Amino acid sequence: MDARAIPSSGVEANFDGLVGPTHSYAGLSYGNVASARNQGAASSPRRAALQGLAKMETVAALGLVQGVLPPHERPHIPTLRAAGFSGSDAEILAKVAKDDPVLLARVSSASAMWTANAATVLPGADTRDGRTHFVTANLREMFHRAIEPPVTARALAAIFRDRARFEVHGALPSRSDGAGGQDFGDEGAANHTRLTSSAANGGGRAGVHFFVYGTATDARRKPTRFPARQTRAASERVAAIAGVDPVHCVFAQQNADAIDAGVFHNDVIAVGNGCMLLCHELAFEDRAATLEALRRATGGALVVAEITRDEVSLEDAVKSYLFNSQLLTLPDGSMALVAPCECEENPRVKAAIDRVIADRANPLARAIFMDVRESMRNGGGPACLRLRVPLAPADLAAVNPSAIVGPAKLAQLRAWVTRHYREELSAADLADPGLLRESRDALDELTRLLDLGPIYDFQRE
Ligand code: SUG
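Residues numbered from 1 in each chain as written. Predicted model: local features only at pLDDT ≥ 70, side-chain atom pairs only at ≥ 80, totals over all residues. Heavy atoms only, no water.

A. Expanded view of the pairing of strand S10 (residues 276-280). The buried fraction of S10 amounts to five of the five residues, a majority that puts the element mostly inside the structure. Neither face of S10 is open: one carries Met276, Leu278 and His280, the other Leu277 and Cys279, and all of them are buried. Bridge analysis of strand S9 (residues 270-273) against S10 gives four bridges, and the strand direction is antiparallel. Across the sheet, Gly272 pairs through a bridge with Leu277, a residue of S10. Two successive antiparallel strands, S9 and S10, enclose a turn made up of two residues, where Gly274 displays a positive phi of approximately 55 degrees. (Buried < 20%, exposed > 50% of the residue type's maximum accessible area, 1.4 Å probe, protein only. Helix = DSSP H or I, 4+ residues; strand = E, 2+ residues; numbered from the N terminus. Pairing = 2+ DSSP bridges.)

Here is the structure:
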């Protein structure tokens, strides 16, 4: 982006997760219907990573700031050693493949690609000390995701290095006492939306923080089929750690029926940006009170585009991932929806998008449909693949420039993927020591490409 084009209110940068070399379909996420449906299917790590890069290229070409977050080291041998497996890396892989193939799949998941779950980001305009705070998500609900936080925090700290402007916090403690006490289940930005009083969404202007939780000690109702991953206690701690004034926070419970229909994060049923909220009528447990609280918090500026269940059923919402679109403010002040191509293929969903675009009461001007099918098959749409970072102009200058991608860096990353990633991967391949070697070689090279320093365990031993 041309430095002269940066508005004084700043910009929102999107940091997409690069899909890792072990991207696979292991059915690891109970309550995520796409993950369950595709369990055991062969995956294409190369195609997945290239689809992700194509999305980054599209967003960057809109004139927006696009960044990248690195994949994690997988299979994660330190987790296996901590679980008592010993010997050489190859011996460990052979043993765990034989004794516990599910554990091998868990420590091999490329799930760090869904960077909406990496952290919650609270920009300096809204925090007590004026710095931007990243609270790394503990992701404690799923084993394969709960091993992400340490490397996520290192990667964020390698990109947002300037301590005068940024603070990266570790994950919340993740005790689950079964009795519903002080229980911190945190899935990051997927359950957090920052709203402002206009289409401007940069980090230089004040915002309202909308936290949606799946459960709380005093929850009105709880899902009965699938787990609620985010707890209210965790959301409250995230706001407190960052020093966001509670007056500028709205906490709302997610609709329990939506969770039971496969809406495991709020970003599968609602997306907000600037002054606009696009949501399903069954997104929240108390719909009217939630929307009213948001209207009040935004000084009446909020524009709600609501999709009814008659227009798009919960099932269609989950299948198409309509609400897992990126709602972006373009340099001209209008908004674009970067939606999965599955939305274009579903006539009811497509009609709903067209209706919202035609409605002049909201700033949405266009939809762009992207093929991220490899990620979608694991329940990760365009919005799951990115972490939003609202930046003030001086913040942008302080970000590690090697992690911001334009055409040249994207071409380098494409060549890097093509050089290192396999065309196809099946469950049996995860035990291949060659895959571990290839992945480490790829990541070692990537840390140089993105100027990250030694963030991986294998680089620090
Ligand atoms: O946590 N899928 C991820 C998808 C995360 C989507 N993120 C957001 N909605 N923001 C999850 O359920 C599946 C992996 C597997 O089954 O192999 C998985 O982890």
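B. Focus on the nonpolar core. Residues Phe15, Phe160, Phe284 and Leu446 are the most contacted members of the largest nonpolar core, which totals 97 residues. Among the elements that take part in this core, helix H7 (residues 149-159) stands out by supplying six residues, more than any other. Core analysis: the next-biggest nonpolar cluster, separate from the first, contains 16 residues, Leu28, Val96, Val107 and Leu435 among them. (Core = buried A, V, L, I, M, F, W, Y, C linked by side-chain atoms within 4.5 Å.)

C. Looking closely at empty space enclosed by the protein. Counting across every chain of the model gives six cavities of 30 Å³ or more. Of the voids in this model, the largest cavity is the one considered here, and its volume is about 230 Å³. Along the wall of the largest cavity there are 20 residues; nearest its centre are Ala189, His192, Thr193, Arg194 and Arg388. At four residues, S9 tops the list of elements feeding residues into the lining of the largest cavity. Here the lining of the largest cavity is built from residues that sort into seven nonpolar, eight polar and five charged. Approximately 170 Å³ is the volume found for the second largest cavity. Lining of the second largest cavity is provided by 20 residues; of these, Ser29, Asn32, Trp114, His144 and Asn378 occupy positions nearest its centre. Residues belonging to the lining of the second largest cavity are distributed by class as follows: six nonpolar, 12 polar and two charged. (1 Å grid on protein atoms, 1.4 Å probe; cavity = no way out; pocket = protein on both sides within 12 Å on 5 of 7 lines; lining within 4 Å. Points joined across faces, edges and corners; volume = space filled by probe spheres on them. Nonpolar A, V, L, I, M, F, W, Y, C, P; charged D, E, K, R; others polar.)

D. Structural detail: the side chain of Thr298. Note that Thr298 resides in the loop between helix H10 (287-297) and strand S11 (303-307). By relative accessible area, which is 6% here, Thr298 ends up buried. Here the side chain of Thr298 touches Arg295 through a polar contact of 3.2 Å, landing on its backbone oxygen. (Polar contact = N/O pair within 3.5 Å; in protein donor to acceptor, adjacent residues only side chain to side chain.)

E. Seen up close, the pattern of salt bridges. Counted by the stated rule, this structure contains 38 salt bridges. Between Asp129 and Arg131 there is a salt bridge, with the nearest N and O atoms lying 3.0 Å from each other. The partly exposed category is assigned to Asp129, whose relative accessible area is 40%. For Arg131, a relative accessible area of 17% corresponds to the buried category. (Salt bridge = Lys/Arg side-chain N within 4 Å of Asp/Glu carboxyl O.)

F. Region of interest: the packing of helix H4 (residues 89-99) against helix H5 (residues 101-108). Here H4 crosses H5 at 125 degrees, and the two axes come no closer than 5 Å. By the angle class used here, H4 and H5 are oblique. In contact with Leu93, Val96, Ala97, Lys98 and Asp99 of H4, H5 contributes Pro101, Leu103 and Leu104. (Axes fitted to C-alpha atoms, helices over the stretch in contact; angles between N-to-C directions. Parallel < 35°, antiparallel > 145°, perpendicular 65-115°, else oblique. Contact = heavy atoms within 4.5 Å.)

G. Quick look at the packing of aromatic side chains. In total, this model carries nine aromatic pairs according to the counting rule given. Taking 5.5 Å as the distance between ring centres and 65 degrees as the angle between the ring planes, the aromatic pair formed by Phe210 and Phe284 counts as edge-to-face. With Phe210 in strand S7 (residues 208-213) and Phe284 in the loop between S10 and H10, the pair connects residues that are 74 residues apart, well separated along the chain. In this structure Phe210 comes out as buried when scored by relative accessible area, which is 0%. Phe284 gets classed as buried once you look at its relative accessible area, which sits at 2%. Here the aromatic residues Phe15, Phe134, Phe160 and Phe166 are joined through ring pairs into a cluster of three or more. (Phe/Tyr/Trp six-rings, centres within 6.5 Å; stacked < 30°, edge-to-face > 60°.)

H. Main features of the pairing of strand S15 (residues 386-391). Within S15, six of the six residues are buried, leaving the element largely enclosed by the surrounding structure. Here six bridges tie strand S1 (residues 11-17) to S15, and the two strands are oriented antiparallel to one another. Counted as the bridge partner of Glu12 is Pro390 from S15.

I. Representation of the sheet that holds S7. Reading across from one edge, S6-S7-S8 is the order of the three strands in this open sheet, with mixed pairing throughout. Edge positions in the sheet fall to strand S6 (192-195) and strand S8 (249-253), since each has one partner strand and no second. On average, adjacent strands in this sheet sit at an angle of 20 degrees to one another, irrespective of strand direction. Pairing analysis gives four bridges linking S6 to S7, with the strands arranged antiparallel.

J. Quick peek at the sheet that holds S15. The three strands lie next to each other as S2-S1-S15, forming an open sheet whose pairing is mixed. Every interior strand has two partners, whereas the edge strands, strand S2 (65-69) and S15, have only one. Between one strand axis and the next, the sheet turns by 30 degrees as a mean value, whatever way the strands run.

K. Spatial organisation of unusual backbone geometry. Cis geometry is adopted by the peptide bond preceding Pro75, which originates at Arg74 and carries an omega value of -10 degrees. Mapped onto the secondary structure, Pro75 falls in the loop between S2 and helix H3 (77-82). Of note in this structure, Tyr321 is not a glycine but carries a positive phi near 60 degrees. Structurally, Tyr321 can be placed in the loop between helix H11 (314-320) and strand S12 (326-329). Taking the relative accessible area as the measure of exposure, Tyr321 reaches 3% and is therefore buried. A positive phi angle, close to 50 degrees, is found at Asp451, a residue other than glycine. With respect to the helices and strands, the residue Asp451 is situated in the loop between helix H17 (433-449) and helix H18 (457-460).

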